[in-house]
Amino acid sequence: MFVPLHGILRSKGGATARESGPHMAKKKVRVDMRKNRSQPPRDRSWTAEFKDHGFDEKATTHDERVRTKGDLSRRRTVMQDEPEAGGSTAAGPSIDTDQCLRGRVLKVQGLHSMIEGDDGNVYRCGVRRLLKTLATDERHVVATGDVVWFRLSGTDGLIERVEPRHGVLTRGSRGREHVLVANVDQVVIVVSLMQPDLKPHLIDRYLAIAQRGKLKPIVCLNKADLIDPVLVQPLIGAYCQLGVTALLTSAIDGIGIERLRSILAGRATVISGQSGVGKSSLLNAIQSDLALRVRSVSENNNKGRHTTTTAELIKLDTGGWVVDTPGVRQLELFDVAAGEVEGLFPEFHPYVALCAFPDCTHTHEEKCAVKRAIARRLISARRYTSYLGLLDGAGSSS
Ligand code: GDP
Ligand code: ZN
């Protein structure tokens, strides 16, 4: 889960000072400054807020966070952009956009980030101290994929502001999550129809991950050259009913490649899927030597501490980026509380409210509307089995 960087900003009234753009007004805010080098506390509101609001950024921007005493050392006043009603909230102090360049973080390497500016050049940037201080529970202030404003000094730059994120891919152990990639638009779930055999429950698992990160999923049924496509039409239909785009592809004979290329164009996409399903082959079919570039990145990242899963955005000729994140590939991301699983199956929603028990887990309970819907084939039995599988693997802390 993502908690915006401005989560600890405390508004003290604050009259509008001046307009800084079409949607923003400035206000003075008091900012609690963290003691440098102090360990962030294990904050119960991480999980509590997630349960209440999921990934709803707006809902988690309140400053009702629980803090341990002595946690905050001093306060200071900074100018912060104040969104108009309905606008998104800015993260951190406002900046003079005339003096700053905007760009996308391609990767984060220790204290520095490689940023592609809107001018097309790549800059190496550090992070302004104030921004670091504003960071709360996230390990890094800046994540791959972030849209940032930075000030140039010589050939390097200093990140002054991080724009609010959407579509985050996180990795977490209970109650604490780390943003792997921010501002991802979609995830392409690559599965193979044969060699290795199709595993529909694995697709459902990936779909749940996408749902959790509010990412648009696209299911890519690869190696279509190896089977009679007629056989998979029912499955494609089932995904269509869930509102998920599913397409047949073959990296060998080019089926679906043009469509996949257009799906990736101009967007930020995470490619996921087990080893051997054809991710690299598909990337190469879309743009020659793309897989090579992606692979060299992930090999680089895997050197040293294996827990480090830094992602890197790779630019597409058609515009947009792809990222092949090791953590996502291995499904390491799935660490959810049992109570969360139901919410990741959108087709259950209409029935959940009809269950006799408000805390129905749709397993052993009587008068369960979800189970009745399955008996009447209104919900697919395959999806229900996937639900049970995820529930089984989910944490008991609901
Ligand atoms: P990755 O591990 O997901 O990146 O998979 P690779 O791209 O390395 O592919 C694994 C194996 O599957 C290789 O031997 C590829 O030649 C083969 N392969 C990939 N895509 C296809 C396809 O569409 N059809 C067939 N028949 N083989 C494929
Ligand atoms: Zn139920």
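Residues numbered from 1 in each chain as written. Chains lettered and ligands numbered in written order. Predicted model: local features only at pLDDT ≥ 70, side-chain atom pairs only at ≥ 80, totals over all residues. Heavy atoms only, no water.

1. Re the sheet that holds strand 15 (residues 314–315)
Inference 1: Pairing is mixed in the open sheet, where 6 strands are placed in the order 13-12-11-14-16-15. In this open sheet, the two edge strands, each paired with only one partner strand, are strand 13 (245–248) and strand 15.
Inference 2: Two elements, strand 14 (residues 268–272) and strand 16 (residues 321–323), share 3 bridges in a ladder whose sense is parallel. Across the sheet, residue A268 finds its bridge partner in strand 16, namely W321.
Inference 3: Across the sheet, helix 3 (residues 200–212) touches strand 11 (186–192), strand 12 (216–222) and strand 14, and the angle it forms with strand 12 is around 155°.
Inference 4: Helix-sheet contacts for helix 6 (residues 279–286) involve strand 11, strand 12, strand 14 and strand 16, and the interaxial angle to strand 14 is about 145°. (Pairing = 2+ DSSP bridges. Helix = DSSP H or I, 4+ residues; strand = E, 2+ residues; numbered from the N terminus. Contact = heavy atoms within 4.5 Å. Axes fitted to C-alpha atoms, helices over the stretch in contact; angles between N-to-C directions.)

2. A short note on the sheet that holds strand 8 (residues 156–162)
Inference 1: In spatial order, the strands read 4-5-6-8-7; together these 5 strands close into a barrel with mixed pairing. Averaged over all adjacent pairs, the angle separating strand axes in this sheet is 55°, with direction ignored.
Inference 2: Pairing geometry for strand 4 (residues 101–109) and strand 7 (residues 147–153), over 4 bridges, is antiparallel. Paired with L101 across the two strands is F150, which belongs to strand 7.

3. Some points on the site of ligand 1
Inference 1: Residues in contact with ligand 1 amount to 15 residues; listed here are only the nearest, D225, A251, G276, S280 and S281.
Inference 2: A distance of 2.7 Å is found between an oxygen atom of ligand 1 and a backbone nitrogen or oxygen belonging to A251.
Inference 3: In isolation ligand 1 exposes 580 Å². Once the protein is present, 71% of that is buried.
Inference 4: Partitioning the shell around ligand 1 into residue classes produces 4 nonpolar, 8 polar and 3 charged. (Near = heavy atom within 4 Å. Polar contact = N/O pair within 3.5 Å; in protein donor to acceptor, adjacent residues only side chain to side chain. Areas by Shrake-Rupley, 256 points an atom, 1.4 Å probe, with all protein chains shown as cover. Nonpolar A, V, L, I, M, F, W, Y, C, P; charged D, E, K, R; others polar.)

4. So, the coordination of the zinc ion (ligand 2)
Inference 1: In this structure, C355 (SG), C360 (SG), H362 (ND1) and C368 (SG) serve as the protein donors to the zinc ion (ligand 2), at separations of 2.1 to 2.4 Å.
Inference 2: Viewed at the metal, the 4 donor atoms of the zinc ion (ligand 2) are separated by angles of 104 to 115°, and the geometry they form is tetrahedral.
Inference 3: Each donor residue of the zinc ion (ligand 2) belongs to the same chain, with the gaps between them written as C-x4-C-x1-H-x5-C. Exposure class is identical for C360 and H362. Each is buried. (Donors = N, O, S within 2.8 Å, 3.2 Å for Na, K, Ca; no water. Tetrahedral: all angles 85-135°; square planar, octahedral: opposite > 155°, others 65-115°. Buried < 20%, exposed > 50% of the residue type's maximum accessible area, 1.4 Å probe, protein only.)

5. Re the pairing of strand 5 (residues 112–117)
Two faces make up the sheet, and in a regular strand the side chains alternate between them.
Inference 1: One ladder, built from 6 bridges, connects strand 4 with strand 5; its direction is antiparallel. What sits directly across from Q109, in strand 5, is H112.
Inference 2: Connecting strand 4 to the next strand, strand 5, in antiparallel fashion are 2 residues, including G110 with a positive phi near 60°.
Inference 3: Note: strand 5 against strand 6 (residues 122–127), 4 bridges, orientation antiparallel. Residue S113 lies in a different strand from strand 6, and its bridge partner there is C125.
Inference 4: Turn length for the strand 5-strand 6 hairpin, with the two strands adjacent in sequence and antiparallel, is 4 residues, and the turn residue G120 shows positive phi of about 90°.

6. Topic: unusual backbone geometry
Inference 1: With omega at -5°, the peptide bond leading from Q195 into P196 counts as cis.
Inference 2: Relative to the helices and strands, P196 is located in the loop between strand 11 and helix 3.
Inference 3: The backbone of K214 shows a phi angle near 55°, a positive value even though the residue is not glycine.
Inference 4: Mapped onto the elements of the fold, K214 is located in the loop between helix 3 and strand 12.
Inference 5: Its relative accessible area of 55% is what places K214 among the exposed residues.

7. Describing the nonpolar core
Inference 1: Residues V181, V219 and L221 are the most contacted members of the largest nonpolar core, which totals 32 residues.
Inference 2: The set of elements that each furnish at least two residues to this core consists of strand 10 (176–181), strand 11, helix 3, strand 12, helix 4 (233–241), strand 13, strand 14 and strand 16.
Inference 3: Not counting chain neighbours up to four residues away, the residues in contact with L221 comprise V191, L193, L198, I203, L235, I236, L247, L248 and T249.
Inference 4: By size, the runner-up hydrophobic cluster in this structure holds 20 residues, among which are C360, C368, A369 and L391. (Core = buried A, V, L, I, M, F, W, Y, C linked by side-chain atoms within 4.5 Å.)

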